[in-house]
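Single-letter residue listing:
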Amino acid sequence: MKNKKIREIIKRKNKIPIVCLTAYSKTIAKILDKYCDIVLVGDSLGMVLYGMKSTREVTLDMMISHAKSVKKGISKSILVVDMPHQTYRNKKEAYKNAKKIIKSTKCDALKLEGGKKIINVVKYLIKKKIPVMGHVGLLPQSERGKFKFKGRSLFERKRIIEDARLLSNVGVFAIVIECVEESLAEIISKSIPIPTIGIGASKHCDGQILVTDDLLGLSNFTPRFIRKYSNIRRIINKSVLRFRHDVINKNFPSRKNIY
Ligand code: KIV
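Residues numbered from 1 in each chain as written. Predicted model: local features only at pLDDT ≥ 70, side-chain atom pairs only at ≥ 80, totals over all residues.

A. Quick peek at the overall build of the protein. Across its full length, the protein carries ten helices and eight strands. The C-alpha atoms of the protein give a radius of gyration of 20 Å, which matches the 18 Å a tight globule of 259 residues would have. Dimensions along the principal axes, computed over C-alpha positions, put the protein at roughly 65 × 40 × 35 Å. When each of the 259 residues of the protein is scored for burial, the buried share is 42%. Within the protein, contacts between residues separated by at least 24 positions form 60% of all contacts whose residues are at least 6 apart in sequence. (Helix = DSSP H or I, 4+ residues; strand = E, 2+ residues; numbered from the N terminus. Rg over C-alpha atoms; globule rule 2.2 N^0.38 Å. Buried ≥ 20, exposed ≤ 12 C-beta atoms within 10 Å, placed from the backbone. Contact = placed C-beta atoms within 7 Å.)

B. Local environment of the nonpolar core. If you look at the biggest cluster of nonpolar residues, it comprises 67 residues, and the most contacted ones within it are Val39 and Val80. When sequence neighbours within four positions are dropped, the list of residues in contact with valine 80 reads Ile38, Leu40, Cys107, Asp108, Ala109, Leu110, Lys111 and Met133. (Core = buried A, V, L, I, M, F, W, Y, C linked by C-beta atoms within 7 Å.)

C. Representation of the environment of leucine 79 within the structure. Positionally, leucine 79 belongs in strand 3 (residues 78–82). A residue is classified by how many C-beta atoms lie within 10 Å of it, and leucine 79, with 22 of them, is buried. For leucine 79 and tyrosine 24, which are 55 residues apart along the polypeptide, the C-alpha to C-alpha distance reads 11 Å. Dropping the residues within four chain positions of it, leucine 79 is found in contact with Val39, Val70, Lys71, Ile74, Cys107 and Asp108.

D. Region of interest: the packing of helix 6 (residues 119–127) against helix 7 (residues 154–170). Close contact between helix 6 and helix 7 brings their axes to 9 Å; oriented N to C, the two are set at 20°. For the element pair helix 6 / helix 7, the angle class is roughly parallel. Classified by chirality, the crossing of helix 7 by helix 6 is right-handed. Residues Ile119, Val122, Lys123 and Ile126 of helix 6 lie in contact with helix 7, whose contacting residues are Leu166, Leu167 and Val170. (Axes fitted to C-alpha atoms, helices over the stretch in contact; angles between N-to-C directions. Parallel < 35°, antiparallel > 145°, perpendicular 65-115°, else oblique. Left-handed = near helix turned anticlockwise from the far one by under 90°.)

E. Representation of the sheet that holds strand 7 (residues 196–199) within the structure. On the basis of which strands lie adjacent, the closed barrel formed by eight strands has the order 1-2-3-4-5-6-7-8 and parallel pairing. Each strand axis lies, on average, 25° off the axis of its neighbour in the sheet, ignoring direction. Of the pairings in the sheet, the one linking strand 3 to strand 4 (residues 109–111) comprises three bridges and is parallel in character. Paired with aspartate 82 across the strands is lysine 111, a residue of strand 4. (Pairing = 2+ DSSP bridges.)

F. Geometry of the environment of asparagine 90. Examined against the element boundaries, asparagine 90 turns out to sit in the loop between strand 3 and helix 5 (91–105). Separated by 32 residues in sequence, asparagine 90 and valine 122 have C-alpha atoms that sit 9.7 Å apart.

G. Geometry of the pairing of strand 2 (residues 38–41). On strand 2, burial covers both faces: Ile38 and Leu40 on one face and Val39 and Val41 on the other are all buried. Two elements, strand 1 (residues 18–22) and strand 2, share three bridges in a ladder whose sense is parallel. For leucine 21, the partnering residue across the bridge sits in strand 2 and is valine 39. With respect to chirality, the unit in which strand 1 leads through helix 2 (residues 26–35) into the neighbouring parallel strand 2 is right-handed. As defined by bridge partners, strand 2 adjoins strand 3 across four bridges and the pair is classed as parallel. The residue bridging valine 39 from the neighbouring strand is leucine 79, located in strand 3. (Right-handed = clockwise from strand over helix to strand, strands pointing away.)

H. Fine view of the pairing of strand 8 (residues 207–210). Of the two faces of strand 8, only the one carrying Gly207 and Ile209 is buried; Gln208 and Leu210 on the other face are not. The pairing of strand 1 with strand 8 spans four bridges and is parallel. Directly across from cysteine 20, in strand 8, lies its bridge partner isoleucine 209. As defined by bridge partners, strand 7 adjoins strand 8 across two bridges and the pair is classed as parallel. In the strand pairing of strand 8, isoleucine 197 is matched with glycine 207.

I. Representation of the environment of valine 170 in the model. Inspection of the secondary structure assignment puts valine 170 in helix 7. Separated by 113 residues in sequence, valine 170 and glutamate 57 place their C-alpha atoms 29 Å apart. When neighbours within four sequence positions are excluded, valine 170 is seen to be in contact with Ile119, Val122, Lys123 and Ile126.

J. Representation of the packing of helix 7 against helix 8 (residues 182–191) within the structure. Axis separation between helix 7 and helix 8 bottoms out at 10 Å; the angle between their running directions is 30°. For the element pair helix 7 / helix 8, the angle class is roughly parallel. The way helix 7 lies across helix 8 gives a crossing that is right-handed. Contacts from Arg157, Ile160, Ile161, Ala164 and Arg165 in helix 7 reach Leu184, Ile187, Ile188 and Ser191 in helix 8. Of the residues assigned to the contact of helix 7 with helix 8, the class counts are six nonpolar, one polar and two charged. (Nonpolar A, V, L, I, M, F, W, Y, C, P; charged D, E, K, R; others polar.)

As structure tokens, then:
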């Protein structure tokens, strides 16, 4: 069942760009909620927070736990949660896990990676009134080795366009397009009636998403599609160094900090 917020997002196709970011905790979610249309609890948390080698190691319990925290910081934006790897291999498994995520986190929608290969699963979830966001292009859960942008060969381009069209036809409310060549993102965005949300997929998309840690400069990850709006690592370094000095020189705690 698409709620009002999701119906409003669909209407933003070709209009004001949609602002999306990832959050893994209440503290960050509360800040993002003021400025974002969609907050995603992405399974990127496996690599970003837990230092895993790929998102394939992320479990359902990890996603639920972080999504519960994020939900506490959200009051107006749409909360989307990634279904982790191997939790939607068939309709029955997907529905059981999707219900569990929605029931325990009260999120608005789920995101699944892939197109043709998972189309029957996506169709089934939507038939069961679960709002789904699609994800095409580079699919971190399926990728082996170094992440490379998609859309170099004609075969790959056709497959990604078909994936997006199939997802749109079965009723996903928006599609994330990850790391594809610019003209491919433009073709997809022009050929489907629902919003496309790009990450490394050019400004032809109807909205943009980034991993918040990358935008803040908290991570060391620097592919060209990221714009770092801040250097939080530097701020943390400075603050922790000052704390260290204060402790060593017995400047902390001061009279103000004691009972
Ligand atoms: O897991 C994630 O954070 C994502 C975004 C990068 C789109 O899927």
